[in-house]
Amino acid sequence: MNNKTLLDTAKKFGTPTYVYNAETIQNQYTKLKNAFDGIDVKLHYALKALNNINVLRLLKKEGSGLDAVSIEEVHLGLRAGFEANQIMYTPNCVDFSEIEEAISIGVHLNIDNLSTLEKFGNKYGNTIPICIRINPHIFAGGHNNISVGHIDSKFGISFYQLKHVVRIAKHYNIVINGLHMHTGSDILDPDVFLRGADLLYEAANEFPDLTFLDFGSGFKVPYKEGDIVTEIELIGKKIADSFRNFCKNYGRELELWFEPGKYIVSESGKLIVQATIIKQTTSTVFVGVNSGQNHLIRPMFYNAYHKIENLSNPNGQPKLYSIVGYICESDTFGYDRMIPEVREGDFLAIYNAGAYGFSMSNQYNARLRPAEVLVVNKEPKLIRKRETLEDIYRNEIILED
Ligand SMILES: *Cc1c(COP(=O)(O)O)cnc(C)c1O
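Bear in mind that the values here come from a model prediction, so they are computed numbers and not experimental data. (Residues numbered from 1 in each chain as written. Predicted model: local features only at pLDDT ≥ 70, side-chain atom pairs only at ≥ 80, totals over all residues. Heavy atoms only, no water.)

**Topic: the domain arrangement of the protein chain**
Step number 1: Partitioning the protein chain into structural domains gives domain 1 (51–260) and domain 2 (266–386).
Step number 2: One C-alpha centre belongs to domain 1, the other to domain 2; they are set 33 Å apart.
Step number 3: Contacts between the two partners involve eleven residues from domain 1 and, on the opposite side, 13 residues from domain 2.
Step number 4: When the two sides are added together, the surface that domain 1 and domain 2 hide from each other amounts to roughly 1200 Å², 55% of it contributed by carbon and sulfur.
Step number 5: Across the contact surface, domain 1 and domain 2 share zero salt bridges.
Step number 6: Remark: the boundary between domain 1 and domain 2 carries four residue pairs in polar contact (both at pLDDT 80 or more).
Step number 7: In the side of domain 1 that touches domain 2, the residues fall into four nonpolar, five polar and two charged. (Domains from an automatic or database assignment. Contact = heavy atoms within 4.5 Å. Buried area = accessible area lost by both parts, 1.4 Å probe. Salt bridge = Lys/Arg side-chain N within 4 Å of Asp/Glu carboxyl O. Polar contact = N/O pair within 3.5 Å; in protein donor to acceptor, adjacent residues only side chain to side chain. Nonpolar A, V, L, I, M, F, W, Y, C, P; charged D, E, K, R; others polar.)

**Describing the packing of aromatic side chains**
Step number 1: In total, this model carries 17 aromatic pairs according to the counting rule given.
Step number 2: Between Tyr201 and Phe215 the ring centres are 6.0 Å apart and the planes differ by 65°, which places this aromatic pair in the edge-to-face class. Taken as a pair, Tyr201 in helix α8 (residues 190–204) and Phe215 in the loop between β9 (212–214) and α9 (232–250) lie far apart in primary sequence, 14 residues in all. Judged on exposure class, the residue Tyr201 and its partner Phe215 are both buried.
Step number 3: Ring centres of Phe301 and Tyr302 lie 4.9 Å apart, and the angle between their planes is 45°; on these two criteria the pair is classed as tilted. (Phe/Tyr/Trp six-rings, centres within 6.5 Å; stacked < 30°, edge-to-face > 60°. Helix = DSSP H or I, 4+ residues; strand = E, 2+ residues; numbered from the N terminus. Buried < 20%, exposed > 50% of the residue type's maximum accessible area, 1.4 Å probe, protein only.)

**A look at the site of the ligand**
Step number 1: Around the ligand there are 14 residues in total, and Lys48, Ser217, Glu259, Lys262 and Tyr356 lie nearest to it.
Step number 2: At 2.4 Å from an oxygen atom of the ligand is found a side-chain nitrogen or oxygen belonging to Ser217.
Step number 3: The side chain of Tyr356 places a nitrogen or oxygen atom 2.5 Å from an oxygen atom of the ligand.
Step number 4: Residues belonging to the shell around the ligand are distributed by class as follows: four nonpolar, five polar and five charged. (Near = heavy atom within 4 Å.)

**Overview of the packing of helix α4 (residues 71–79) against helix α5 (residues 96–105)**
A packed helix pair is summarised by two numbers, namely the angle formed by the two axes and the spacing between the axes.
Step number 1: At a closest axis distance of 10 Å, the pairing of α4 and α5 adopts a crossing angle of 20°. For the element pair α4 / α5, the angle class is roughly parallel. Here α4 and α5 pass one another in a crossing that is left-handed. In this structure, α4 contributes Ile71, Val74, His75 and Leu78 to the contact, and α5 contributes Glu98, Glu101, Ala102 and Ile105.
Step number 2: Grouping the amino acids of the contact of α4 with α5 by side-chain chemistry returns five nonpolar, one polar and two charged. (Axes fitted to C-alpha atoms, helices over the stretch in contact; angles between N-to-C directions. Parallel < 35°, antiparallel > 145°, perpendicular 65-115°, else oblique. Left-handed = near helix turned anticlockwise from the far one by under 90°.)

Structure below.
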């Protein structure tokens, strides 16, 4: 997607608008799929990153499965045409009725606490196999809201409670066909990933009925120049070697699963906004834009760096700006950015907006959610209409006087 495509898209559909490039999504999928040295890995795209039905259908065509973290996401997957057995359901702190619904649909079930495991055993015994989510207690680095495998994390069953899992499984004849870990997306060092893998291999010895191991995600993408990224070929080769070795010791070939979200869609997306106000204060020059934390919350929530570019004045004299949103909070997209001169009305592109952008958006300040556009073969296609005021009060019930 070059600047012209982005500008044309913004002029055609208005701003703010999320624009995704289909080709980037396909390329990232293929790159990851082929990174494991000949092992036919199964990828379940984590749809919480970006769940537009057209993106799901695109990935289905590529051969992807889905990782769903809520029953609603399971339904989005089915609606997009996925078979139940292509969907892995990994809930956290949900009511048991949601688990029952997932089981009746027939998706793979990943259990992440002992209470649910007992309830499951009681009701279903050995009638359907399940996967167990293990917390390997690895600190993956990064922001605490992103990193989910550390000691204080609410996710998974502790590695140190495996004996208890085995006991419960034995008592209820539960068939455990998979082990899972997901440590969060800021693993910078392949060796950290492999330490987690080693723990899963060790745990696997307790479970004779396994058919797959699921290593979750943790694949990083660059957000700014010089960022350390997961070197996918390097880590792929290392994981493949260690997995082959594990299968030999385990005595059977298992499947190797992953659940990438960010890696697949982050770089495909840009949020196009427009400068509304240039405001000189005593300390800086603010560029106010017609968007905010209601549309892209990562910079404020995770302190994430998102590159920002001036699409409509790329050759302007670079100046130092703070780019801020229009919400009544301090919603700063970027501090101290050198950007070609921004004039009121200029179009700006905020990078890496494909993952956890639209899907985390909300209607705070009674603001409307943006439109979404998918660029297919260089042609921008509207895949979600911009909201209207009606979307904000649709479910309100006006009481009689
Ligand atoms: C969020 C999530 C993922 C995807 O993580 P990314 O960092 O977007 O790749 C995978 N598995 C589970 C269980 C998740 O909750």
